[in-house]
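Spelled out from the first residue to the last, the chains are:
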Amino acid sequence: MTSYRTLRVEERDDRVIVTLDRPQARNAINAEMIGELHLVCELLEQHPRFLLLSGAHANFAGGADIAELRERGSTEALQGINSRLFERVRRLPMPTVAVVDGYALGGGAELTYACDLRIAGPKAVFGNPEPGLGILAGAGACWRLRELVAESVAKQVLLAGRNLDAPAALAAGLVMDVVASEELLPTAHRLLDRMAKSSPVALQLTKRVMDAPNAHPLVDDLAQAVLFDRTDKNERMNTFLNRRSSS
């Protein structure tokens, strides 16, 4: 069994629950955590399941590790150390959910942007203060945040340094719900329970079609053709029709 130093990882049959856990640094994302998150991605690529991602100690992640960033130069920037991980998270086969209470700043915010869905607690704060440190939000925020919220809101965050608290994140559509801190994980698990009732293959293909660049009706047709010939489709539709006829 893999041992983790910066994460808590719990595997279940239909989901993997990952908690960022660097209490001394507000769960800041350092190289070790990046490596361990790659291991989680490998696990989920080999055995597709939902990912539930949260942070310990009343924060999601206070950003990337600034001490490490200070030592990086152009060579490391071109390696895309954080961006390649976050894109890998984005491309995981099954839906991913980020649970955010407290700070999700810088790289921490970008990690949540890479997830499919976000649920916030009342103390959640999203922000990208990178320009104040002489860099840009270079792990996806400059284009991914604009896809998630209106361009005006994205520019307020990335250029004007605006932080989005929980109500603002909800109003902007960045999060799907704001719930009490003690209800965050139960709410997320109920969401996953609901999604788990759907066909896993249908969810995977829906996610792939939605994320496909320059999507085309032919992509829909091909994905639907795969699903139409599966016995799972007939079984689910028969159950639906039988239930309706007996009601």
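Up top is the structure these notes are about.
This write-up is about the structure you can find in this document. (Residues numbered from 1 in each chain as written. Predicted model: local features only at pLDDT ≥ 70, side-chain atom pairs only at ≥ 80, totals over all residues. Heavy atoms only, no water.)

1. Examining the pairing of strand 6 (residues 117-120)
Phase 1 of the analysis: As paired elements, strand 4 (residues 96-100) and strand 6 share four bridges and run parallel to each other. Bridging from a neighbouring strand, Val-100 pairs with Ala-120 of strand 6.
Phase 2 of the analysis: Inspection of the sheet shows strand 6 paired to strand 9 (residues 177-178) by two bridges, in the parallel sense. Within strand 9, the residue paired with Ile-119 across the bridge is Asp-177. (Pairing = 2+ DSSP bridges. Helix = DSSP H or I, 4+ residues; strand = E, 2+ residues; numbered from the N terminus.)

2. Some details on the packing of aromatic side chains
Phase 1 of the analysis: This structure, assessed with the given rule, holds zero aromatic pairs.
Phase 2 of the analysis: Of note, Lys-233 hangs over the ring of Phe-228, and the distance from its end group to the ring centre comes to 4.6 Å. (Phe/Tyr/Trp six-rings, centres within 6.5 Å; stacked < 30°, edge-to-face > 60°. Lys NZ or Arg CZ within 6 Å of the ring centre and 35° of its normal.)

3. Here we look at the nonpolar core
Phase 1 of the analysis: Ranked by internal contacts, the top residues of the largest apolar core, which has 45 residues, are Leu-20, Leu-111 and Phe-126.
Phase 2 of the analysis: When residues of this core are assigned to their parent elements, the largest contribution, six residues, is made by helix 1 (residues 31-46).
Phase 3 of the analysis: Setting aside its immediate chain neighbours within four residues, Leu-20 contacts Thr-6, Leu-7, Asn-27, Met-33, Leu-37, Leu-53, Ser-54, Gly-55, Ala-56, Phe-60, Ala-61 and Leu-111.
Phase 4 of the analysis: In this structure, Val-97, Ala-188, Leu-191 and Met-195 belong to the second largest nonpolar core, which totals 14 residues. (Core = buried A, V, L, I, M, F, W, Y, C linked by side-chain atoms within 4.5 Å. Buried < 20%, exposed > 50% of the residue type's maximum accessible area, 1.4 Å probe, protein only. Contact = heavy atoms within 4.5 Å.)

4. Describing the sheet that holds strand 7 (residues 125-127)
Phase 1 of the analysis: Read across the open sheet, the three strands follow the order 5-7-8; overall the sheet is mixed. Pairing within the sheet leaves two strands with one partner each, and these edge strands are strand 5 (103-105) and strand 8 (164-165).
Phase 2 of the analysis: Alignment of strand 7 against strand 8, held across two bridges, turns out to be antiparallel. Counted as the bridge partner of Val-125 is Asp-165 from strand 8.
Phase 3 of the analysis: Contacts from helix 5 (residues 107-114) reach strand 5 and strand 7 within the one sheet, and its direction differs from that of strand 5 by about 90°. (Axes fitted to C-alpha atoms, helices over the stretch in contact; angles between N-to-C directions.)

5. Some details on the sheet that holds strand 1 (residues 7-11)
Within a sheet, each strand pairs with its neighbour through backbone hydrogen bonds, oriented either parallel or antiparallel.
Phase 1 of the analysis: Spatial ordering of the open sheet is given by 1-2-3-4-6-9, a layout of six strands whose pairing is mixed. A single partner strand is all that each edge strand has here, and the edge strands are strand 1 and strand 9.
Phase 2 of the analysis: The sheet strands contacting helix 5 are strand 2 (15-20), strand 3 (50-55), strand 4 and strand 6, and the helix crosses strand 4 at an angle near 145°.

6. What to know about the side chain of Ser-54
Phase 1 of the analysis: Tracing the chain through its elements places Ser-54 in strand 3.
Phase 2 of the analysis: The exposure class of Ser-54 is buried, given its relative accessible area of 6%.
Phase 3 of the analysis: Excluding anything up to four places from it in sequence, Ser-54 contacts Val-18, Thr-19, Leu-20, Phe-60, Val-99 and Leu-185.

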